[in-house]
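Descriptive structure summary
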Amino acid sequence: MVKILRQLYVQNRNALRRIYNFQRHLSIAKKMPSAYQEAIRRLENLQTNYQVLQSQIKSGGWTQQSKYAQSEKTLNDLDQGELVEKLQKIPLFHVAGTKGKGTTSAMIDSLLREKGFRTGLFTSPHLCKVNERIRIDGKPISDEDFAFSFHHIYEQLKPEQRPAYFSFLTLVAFHAFSRLRVDVVILEVGIGGTFCTTSLFPVGPMPRVCCVTALGYDHMSILGHTIEEISRAKAGIFRRNATLISTRQEYTEAHKTLLEEAKKIITPLLIPSENLRESLYGKEGPMKCNASVALTAVRTFFGKSLDEAATKEEMEGLNKTFWPGRQQIVWHNTGERKLKVLLDGAHTLESLRPCVNWAAKMKEGNLAVLMNVTKDRKVKPLIDIVADLEPSYLILSPNVAKTTEKSQIPDKNFPIEKQLEKINEIESTATKMGLKTLRFNSVNESLENLPTEITTVLITGSLYLVGAFFQLRPDLPL
């Protein structure tokens, strides 16, 4: 009997120890960062886009050339050259432009998925989560797949070899697209084209379609101060024997420059046909331009006629395009009030004009415009366009969702102190123009303290500001 009791005691003691050890290890595991969390930590410690842009401005462009060359060598060395070999076997759609390049990329993605293709789409920036930049079959890449590709690239490179934020993410996207076996890749250019890391996608035997959407004046401190210089930078995505497509450019000089750059590589430049454009019922203004470029690009890929009217199947593919934060309408509750919120991340003169035209049609009752302007963009011309809406108030806020301890961490892409300087300039300019302004510390504070007569809010001027709204609404799909 004593022996049996002793055995039970030992068994129970060992069982308790196993339970204790399991709980202790579980507790330690919970405190350890996941592979995804570690990837995000490492990503945020890379050189930021803001820092890169500042160094490019100071160097007069030499920095971007040297960094592009470094990234090219890095790509060629990854997996001992195997990654480049795999990418050469994947068709590419490459989209540059000042306005509409993200929307056009999303339309191409949607049209190809309607045809049964497994797509890989790379865009920027993201609204809430970095995974949005890399989409597989239209959906943000999973945390697990993102972490796998991130660490796979990161561990192969010495600290001095690791490129900055955007360039590193481009390499991560390249690896993810290869590993996850997509049928076709769609890349939206970051800035310019000539020295954008997306242009490193290797030339191979597979089709390559290069598209340029509407061009205008943006990032002039980097790309140049004339439309010819900007157009030449965008045409940097052109490759010999690729299919080259451009929308009908507003600026004659832009069209002329693109033709000249195409001629240099002895490759024709296609313009969407007027018959195709006019057949795109339900698409207006810039959206019609974007859709015509997307359809022309996909038709050339399949060897179809470029002049025929859009088919029912093609229109369905276009209409299924989901691109959050661009001419999007949502409803938002603040207390007992239900606000109609118009979202459009328009941030250039060329994109803000159609945004304002759209908002004028969509607004109900009294309108307030919640706005911010980032980077080196001039404030007065943008406010002039917004003023056409005759808003009851111009609401100013930094790109912050909520005024919490976490949100006070400086924005690495556009530091909070720089945002506040810009808001001071907007407030001063708007006041001189006779516009009523209200100023708050976050998007949430802005919406919670709107004057009672406001029924519609347009959030615009910055995709990061639109992203701050989405952070308040995790129920909205991205």
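Summarised in this report is the structure supplied together with it. Note that the coordinates shown come from a computational prediction; the quantities given were computed from them, not determined experimentally.

What counts, and at which threshold
Residues take numbers from 1 onward in each chain, read along the sequence in its written order. This being a predicted model, a pLDDT of at least 70 is required before a residue's local features are given, and a value of 80 or more before pairs of side-chain atoms are given or counted; all residues contribute to the totals for chains, interfaces and linings. Hydrogens and waters are ignored; side-chain quantities use all the structure's heavy atoms. Nonpolar core, defined: a set of buried Ala, Val, Leu, Ile, Met, Phe, Trp, Tyr and Cys residues in which side-chain atoms within 4.5 Å join the residues together. Whether a residue is buried, partly exposed or exposed follows from its accessible area with a 1.4 Å probe, protein chains only, as a fraction of its type maximum: under 20%, in between, or over 50%, in that order. Secondary structure elements are taken from DSSP: a helix is a run of H or I of four residues or more, a strand is a run of E of two residues or more, and numbering for both begins at the N terminus. We call two residues contacting when some pair of their heavy atoms lies within 4.5 Å. Pairing between strands is defined by DSSP: at least two bridges between the two strands are required. As a rule, the C-alpha atoms of each element are fitted with a line to give its axis, helices using only the stretch in contact, and angles between N-to-C directions run from 0 to 180 degrees. The salt bridge criterion pairs a side-chain nitrogen of Lys or Arg with a carboxyl oxygen of Asp or Glu, the two atoms within 4 Å. A helix is expected to reach a length of 1.5 Å times the quantity of its residues less one. Note: the arc covers the axis-to-C-beta directions of the helix.

Once that is clear, we can look at the nonpolar core. Ranked by internal contacts, the top residues of the largest apolar core, which has 57 residues, are Leu75, Ile134, Phe146, Phe177 and Phe238. For this core, the element with the highest residue contribution is helix α8 (residues 165-179), accounting for ten residues. Setting aside anything within four residues of it in sequence, one finds Phe238 in contact with Cys210, Val212, Leu244, Leu258, Glu261, Ala262, Ile265 and Leu269. Formed by 25 residues, the second largest nonpolar core is a distinct cluster that contains Phe440, Leu447, Leu465 and Phe470.

A few words on the sheet that holds strand β12 (residues 393-396). Pairing within the open sheet is mixed, and its six strands lie in the order β9-β10-β14-β11-β12-β13. With partners counted over all chains shown, the strands left at the sheet margins are β9 (328-334) and β13 (437-439), one partner each. In this sheet, adjacent strand axes meet at a mean angle of 25 degrees when their direction is disregarded. Pairing analysis gives four bridges linking strand β11 (residues 366-371) to β12, with the strands arranged parallel. Considered in β12, the bridge of Leu370 is made with Ile395.

Looking now at the pattern of salt bridges. Evaluation of the coordinates by the stated rule reveals 24 salt bridges. As a salt-bridge pair, Glu313 and Lys115 come within 3.7 Å of each other at their nearest N and O atoms. Of the two residues, Glu313 is situated in helix α14 (residues 312-319) and Lys115 in the loop between α6 (101-114) and β2 (119-122); the sequence distance between them amounts to 198 residues. Residue Glu313 is classed as partly exposed on the basis of its relative accessible area of 39%. Residue classification places Lys115 among the partly exposed positions, given a relative accessible area of 34%. Put simply, Lys340 and Glu364 hold a salt bridge, and the shortest N to O gap is 3.0 Å. Of this pair, Lys340 sits in strand β10 (residues 337-343) while Glu364 is found in the loop between α15 (349-362) and β11, placing the two residues 24 residues apart along the sequence.

Moving on: helix α17 (residues 416-432). Between the first and last C-alpha of α17 there are 24 Å, a value that for 17 residues agrees with the 24 Å anticipated at 1.5 Å per step. For α17, the complete set of buried residues consists of Gln419, Lys422, Ile423, Ile426, Thr429 and Ala430. Along the long axis of α17, the arc covered by the buried residues comes to 130 degrees, so they all point the same way. Tucked into the core, α17 has its buried residues touching α16 (379-387), β12 and β13. Residue Gly434 follows α17 closely and has a positive phi angle near 85 degrees.

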